[in-house]
Amino acid sequence: MPLEVTLIDWARDPLEKLYAAYRTCYSPKTPAEVWGEIRDGTIPREKVREFIAERLKTGHASPLEQVVFWFGISGVSRSLSHQFVRHRIGISFEQQSQRYVRYREDRLEYVRPRTWAEAGMGDAYDRLMAEVTRVYQEALARGIPAEDARFVLPNATPTNFQVMVNFTELLHIADLRLCWRAQWEIRHMVALMRRAVVKAVPEIGTQLQPKCGDRRLGYCDEPVKDWEACPLGKVRPHKDLLFQVYEQHRRGAVAPLDEAAIRGVEDAGNEG
C-alpha cells in the first residue's frame, strides 16, 4: 500500500508571523506597530526574510511554535504509528479508528518491509496476512464487534492520520526521524513531510535536517558504528572526533603554530 503525505495547509503568512514574533522580542515597538509596518509595506519582504534568517542562526526557537502545518498521511503501518504518536508536545493527531472502521476487502491491505522478500520470506508473509484477513472477516461475519475483531490485526495494518504540528516540534521530529538510525518507513514519511514544507515555505523548510545537519547539532552523536554505516558519515563529523580534538587542545598536545607556518599564510599569494 503506498505511503502518501499531503501538506493540507499551513498558518497564513508564516514568514510575517515569525518576523512579528521575533521583533516583539527585540524591539521597543508594540506588536500592533510591528504588524502595521508589515501590512503597509514599510518592511519589504526581503527584509523580513533576512531578519528571520539571522534570528534562526541564534537558535531562538520559541517563535517557531507560532508557525503551524497540517498534514494528511495515509498508508503507514501501525508499527510506524506507535512510534509517531510518541511525539507529544506541539503536535495533535487524528488517527483512523480500528474500532469503528471495518476492513471488508477480500484481502486486507498491509505494509510489507523489503527485508522479508530479501530474506526469501515474502511468500510466507503474504500467506500469513491472507490468513489474518480470513479470520478477521469470519469474526465479523459471526457477529464479533469490530472493536474485538481488530485484536487479530497485525502491526502491518495500514492507518491514516491528520496531523497538526508546529514548526518547533517538526524540527525535533526531523532531528530524530531523518537520522540514518530511524526505521526506514518513518524516515521516508518525515522525508516527504520535509519536502512538502521546503516546497511551500523554503525560507524555513530548509531548516529541517537530521540532527547532524549544519543547521542543527552539526555532528553525529549516535554510536560510532552507526555513524560509519551512515551515508552522511562521510560529510558529518562524529562527536568523538570533536572531543578528541578538544582533549588534545586541553592537554596542550595540539601542534603549535610556529612563526614559519603563520608567515606562510600571511604571505600566500604575495610571494613576488
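Structure shown above.
Residues numbered from 1 in each chain as written. Predicted model: local features only at pLDDT ≥ 70, side-chain atom pairs only at ≥ 80, totals over all residues. Heavy atoms only, no water.

**Focus on the sheet that holds strand S1 (residues 4–10)**
- Within the open sheet, the 4 strands sit side by side as S1-S2-S4-S3. Their pairing is antiparallel. Both edges of this open sheet fall to S1 and strand S3 (91–95), since each of them pairs with a single strand only. Here the average twist between neighbouring strands, direction ignored, is 20 degrees.
- Inspection of the sheet shows S3 paired to strand S4 (residues 158–166) by 5 bridges, in the antiparallel sense. (Pairing = 2+ DSSP bridges. Helix = DSSP H or I, 4+ residues; strand = E, 2+ residues; numbered from the N terminus. Axes fitted to C-alpha atoms, helices over the stretch in contact; angles between N-to-C directions.)

**Things to note about helix H1 (residues 14–26)**
- Between its terminal C-alpha atoms H1 stretches 18 Å, which fits the 18 Å expected from 13 residues at 1.5 Å a residue.
- Considered for burial, the residues of H1 that qualify are Pro-14, Leu-15, Glu-16, Leu-18, Tyr-19, Ala-20, Ala-21, Tyr-22 and Arg-23.
- Buried-residue contacts for H1 involve S1, helix H2 (31–39), helix H3 (45–58) and helix H10 (202–205). (Expected span 1.5 Å × (residues − 1). Buried < 20%, exposed > 50% of the residue type's maximum accessible area, 1.4 Å probe, protein only. Contact = heavy atoms within 4.5 Å.)

**Overview of the pattern of salt bridges**
- Enumeration over the complete set of coordinates arrives at 17 salt bridges.
- Between Glu-54 and Lys-57 there is a salt bridge, and its shortest N-O distance comes to 3.2 Å. Taken as a pair, Glu-54 and Lys-57 lie in helix H3 at a separation of 3 residues, close to a single helical turn.
- Glu-54 gets classed as partly exposed once you look at its relative accessible area, which sits at 40%. (Salt bridge = Lys/Arg side-chain N within 4 Å of Asp/Glu carboxyl O.)

**Thoughts on the environment of Lys-29**
- In this structure, Lys-29 sits in the loop between H1 and H2.
- Within the structure, the side chain of Lys-29 is placed 2.4 Å from the side chain of Glu-37, a separation counted as a polar contact. (Polar contact = N/O pair within 3.5 Å; in protein donor to acceptor, adjacent residues only side chain to side chain.)

**Thoughts on the packing of H1 against H2**
- Packing of H1 against H2 leaves a shortest axis separation of 10 Å and a crossing angle of 140 degrees. Comparing their axes, H2 and H1 come out oblique. Here H1 and H2 pass one another in a crossing that is right-handed. Contacts between H1 and H2 involve Glu-16, Lys-17, Tyr-19, Ala-20, Arg-23 and Thr-24 from the first element and Pro-31, Val-34, Trp-35 and Ile-38 from the second.
- Each residue belonging to the contact of H1 with H2 can be placed in one class, and the counts come to 6 nonpolar, 1 polar and 3 charged. (Parallel < 35°, antiparallel > 145°, perpendicular 65-115°, else oblique. Left-handed = near helix turned anticlockwise from the far one by under 90°. Nonpolar A, V, L, I, M, F, W, Y, C, P; charged D, E, K, R; others polar.)

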